[in-house]
Amino acid sequence: RPFHVEPTNIVSVNDDMQRVTDEASAMNKRIHYYSRLTSPADRALIAPDHVLPAPDEIYVYSPLGTAFKVDACTDGYGKNSSLVTIFMIWNTMMGTSILSIPWGIKQAGFTSGIILILLMGILTLYCCYRVVKSRQMISLIDTSNWEFPDVCKYYFGSFGQWSSLLFSMVSLVGAMVVYWVLMSNFLFNTGKFIYNYVHDINVTDIVPGTNGSNKVICPSAASGHPPQNRSVVFSADNITGFTLFERWWDKSQTVPFYLIAVLLPMLNLKSPSFFAKFNVLGTVSVVYLVFLVTVKAAHLGIHLEFNWFTENEFFVPEFRILFPQLTGVLTLAFFIHNCVITLLQNNRNQENNVRDLSIAYFLVGLTYLYVGVIIFASFPSPPLSKECIEQNFLDNFPSDDIMSFVARIFLLFQMMTVYPLLGYLARVQLLRQFFGNAYPSLLHVLALNLAIVGAGVAMARFYPNIGGIIRYSGATCGLAFVFVYPSLIYMISLHRAGQLTWPALITHIFIILLGLANLIAQFLL
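Residues numbered from 1 in each chain as written. Predicted model: local features only at pLDDT ≥ 70, side-chain atom pairs only at ≥ 80, totals over all residues. Heavy atoms only, no water.

Caption draft 1: The overall build of the protein chain, seen in detail. Broken down by element type, the protein chain carries 16 helices and four strands. Within the span of the protein chain, comprising 525 residues, buried residues form 55% of the whole. For the protein chain, restricting intrachain contacts to residue pairs at least 6 apart in sequence, the fraction spanning at least 24 positions comes to 79%. Approximately 23000 Å² of the protein chain is accessible, and the part contributed by carbon and sulfur atoms is 66%. (Helix = DSSP H or I, 4+ residues; strand = E, 2+ residues; numbered from the N terminus. Buried < 20%, exposed > 50% of the residue type's maximum accessible area, 1.4 Å probe, protein only. Contact = heavy atoms within 4.5 Å. Areas by Shrake-Rupley, 256 points an atom, 1.4 Å probe, with all protein chains shown as cover.)

Laid out in C-alpha cells, this is it:
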C-alpha cells in the first residue's frame, strides 16, 4: 500500500534537513579556518574544547589584546544575531588604547582631538568596508574560509603573504610590549598599595596634586625629584622593612623582571585554551573604567577654558601641531581589519553586515570619546596643568586610590590571561611560516618567547611610554592593513572589471598618502 505523506510534512522534513546541512557547513568552515592556523599535528585550535567547543561557541582573537568567546548564538546553528555580532566587534576593538585616549586628546588639543576621533573612526570604517568587499570581488575561487591576509596573498603573491605576516607581527608584538609595560605598572601600584595598607604606612610623595578625598596627581612634574624626597609616617620597627621594600619593589628596576617568572612558563604551553575562559574580564574592565571615569568626573567637576591657538599655564590650545600622536593611537584603537571577515561571516543575516559594522564602529568611537573627553574635561586645571595628563590616565590617580586600585587589579588579571593567547598567535603565525609547525620544538618556542619577553622587559625598563608604543605600532601596521592594502586591492579589482574611474583612483591614492604621512609624522613629532 502506498505510503502517503502530507505536503506540509515534506516541507518540514526538508527544512530540518536544510538546517542540519547549514549547521554542518558552518561548522566545517569554522573548523577549516582555525585549522589552517596550525599544523595538522597541533590540535590546539582544532579541539572541540578549545576554539569550537560546540556549534554555539566561538572564540575571536585580535592583535589588540582581546580574546573573546561568544557562549550562545541565538539560533544554535553556528550563526550570530546582529546584536551578538555588534558586541563581538566592539569587544574585540576595545583594547589598551582606551587608557591613552585622554593623553592623545591633550596632545592634539581638545577640539582637534574630538574632530580627529570622529574623522579617524569614519576613515577606518570605510577602509574596513573595503576589506570586507575585497574577498567578495574574487570570483571562480572558494574564498569562504579566507581572511584578509589570504586576500593579500591572492593579489600580491608571496610579497603580500610575507608583508602581511610582518605587519601582523608588528601589531601582535606591539600589543604584547604594551601589555608588559602596563602589567609592570599595575603590579607595582597594587603591591605598593597592599604593603602600605598592611603595615599602616602613610607615604606622601613629593608630587604635585590636589587635596581632598579625590586626589589627582601629576607624576611627570616630579620626575626630577629623587625618590628619597617624600614624607613617610610609620613606626620605628618598620623603617628597615620599608627601605628594603622600596629597594626591591621598583616600577622599572625590578617589577618588570618579576613578571618573567609567571608569564614565560605560560607562553611555552602548547595550548592556551585555559586562559580563554577568563577573557570576559576584558568586557568587565572596560565597563568598570567607564564607571570610574563617570564617578571621578562627578566629584571633580568640569575644568575647561578654550584657548584656540595659545597655551597658558594650566590649559593647552584647542589645536596643536602634535595631533599626529593622536592619529597614531587611533589607528590601532580602530584596528580590526585583519580579522573582521571572520567576525562578519558568522552573522546570521549577511545583508546586515554593513549596518552592524557601522553600529559597532559608532559604539567604539562613542566609548573612546566618552572616556577621553570626560577625563580631559574633568582634569582639575587649576591647580594642575592639562599637560599633566599621563599616557596611562590611571597614573594620574595615586596608588592608594581605592577605585583605581580595583581597576588595576581587574586589568592586571585580564592582561595576564590574554598575554599567553597573544603569544600563542605570534608563535602560530611566525613558526608555522618558517617551520611548518607551530610547535617545532621547545627550544624554538623558548627562543621566540624569550625575544618577545625581552622586548617587553626592555621597554618597561627604558621606555615605559604606552602612548608612544601604541602610536608607533598602530601607524606601522595600520599603514598596511588599514590604508594601503584595502585601497590597492579595491583599485585593482575595479581596474580588472573595467570600472576604475578617476575619482575612485584619486580618492584611494589620497587614503594611501594619509597612511604614509601618519607613519612618517610619528617619527618627526
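Caption draft 2: Representation of the state of the cysteines. Tallied over the full model, the rule gives one disulfide. With its sulfur 2.1 Å from that of its partner, Cys-218 forms a disulfide with Cys-388. As the torsion about the S-S bond is roughly -80°, the Cys-218-Cys-388 disulfide counts as left-handed. Linking Cys-218 in the loop between strand 3 (202-205) and strand 4 (230-233) with Cys-388 in the loop between helix 12 (353-378) and helix 13 (402-435), this pair joins segments that are 170 residues apart in sequence. For Cys-218, a relative accessible area of 1% puts it in the buried group. Residue Cys-388 is classed as buried on the basis of its relative accessible area of 8%. Cysteine Cys-127 remains unbridged, with the sulfur of Cys-128 as its closest cysteine sulfur at 8.6 Å. (Disulfide = S-S within 2.5 Å.)

Caption draft 3: Expanded view of a nonpolar patch on the surface. A cluster of nonpolar side chains, contributed by Ile-115, Leu-119, Ile-122, Ile-302, Leu-304, Phe-306, Trp-308, Phe-309 and Phe-319, occupies part of the molecular surface with about 940 Å² of accessible area. Examined against the element boundaries, Leu-119 turns out to sit in helix 4 (residues 110-136). A relative accessible area of 48% places Leu-119 in the partly exposed class. (Patch = residues over 30% accessible without salt bridge, like charges linked within 9 Å, V, L, I, M, F, W, Y side chains within 5 Å. Salt bridge = Lys/Arg side-chain N within 4 Å of Asp/Glu carboxyl O.)

Caption draft 4: Spatial organisation of the nonpolar core. Within the largest apolar cluster, 125 residues are counted, with the highest numbers of intra-cluster contacts made by Leu-99, Met-183, Phe-393, Leu-394 and Tyr-419. Examining the composition of this core, we find that 18 residues originate from one element, helix 5 (residues 148-198), more than from any other. Not counting residues within four places of it along the chain, the set of residues in contact with Tyr-419 comprises Met-176, Tyr-179, Trp-180, Met-183, Leu-263, Leu-267, Ile-452 and Val-453. Phe-188, Tyr-195, Ile-201 and Trp-249 belong to the second-largest nonpolar core, a separate cluster that totals seven residues. (Core = buried A, V, L, I, M, F, W, Y, C linked by side-chain atoms within 4.5 Å.)

Caption draft 5: Unusual backbone geometry, seen in detail. Following Ser-381, the chain continues into Pro-382 via a peptide bond in cis, with omega recorded as -15°. By the element assignment, Pro-382 lies in the loop between helix 12 and helix 13. Cis geometry marks the peptide bond from Pro-382 to Pro-383, where omega comes out at 15°. Mapping Pro-383 onto the fold places it in the loop between helix 12 and helix 13.

Caption draft 6: Molecular detail of the pattern of salt bridges. According to the stated counting rule, one finds four salt bridges in the structure shown. The partner of Glu-387 in a salt bridge is Lys-106, with the nearest N and O atoms 3.6 Å apart. In this pair, Glu-387 sits in the loop between helix 12 and helix 13 while Lys-106 sits in helix 3 (residues 101-108), placing the two residues 281 residues apart along the sequence. The closest approach of N and O atoms between Arg-355 and Asp-356, which form a salt bridge, is 3.0 Å. Taking relative accessible area as the criterion, Arg-355 reaches 43% and is therefore assigned partly exposed. Under the relative-accessibility criterion, Asp-356 is labelled buried at 0%.

Caption draft 7: Region of the structure containing the environment of Asn-396. Secondary-structure assignment places Asn-396 in the loop between helix 12 and helix 13. When the C-alpha positions of Asn-396 and Phe-379 are compared, they lie 9.2 Å apart, and in sequence the two are 17 residues distant. Those residues within four positions of Asn-396 in sequence are excluded, and the remaining contacts are Lys-215, Val-216, Ile-217, Pro-219, Phe-379, Cys-388, Ile-389 and Glu-390.

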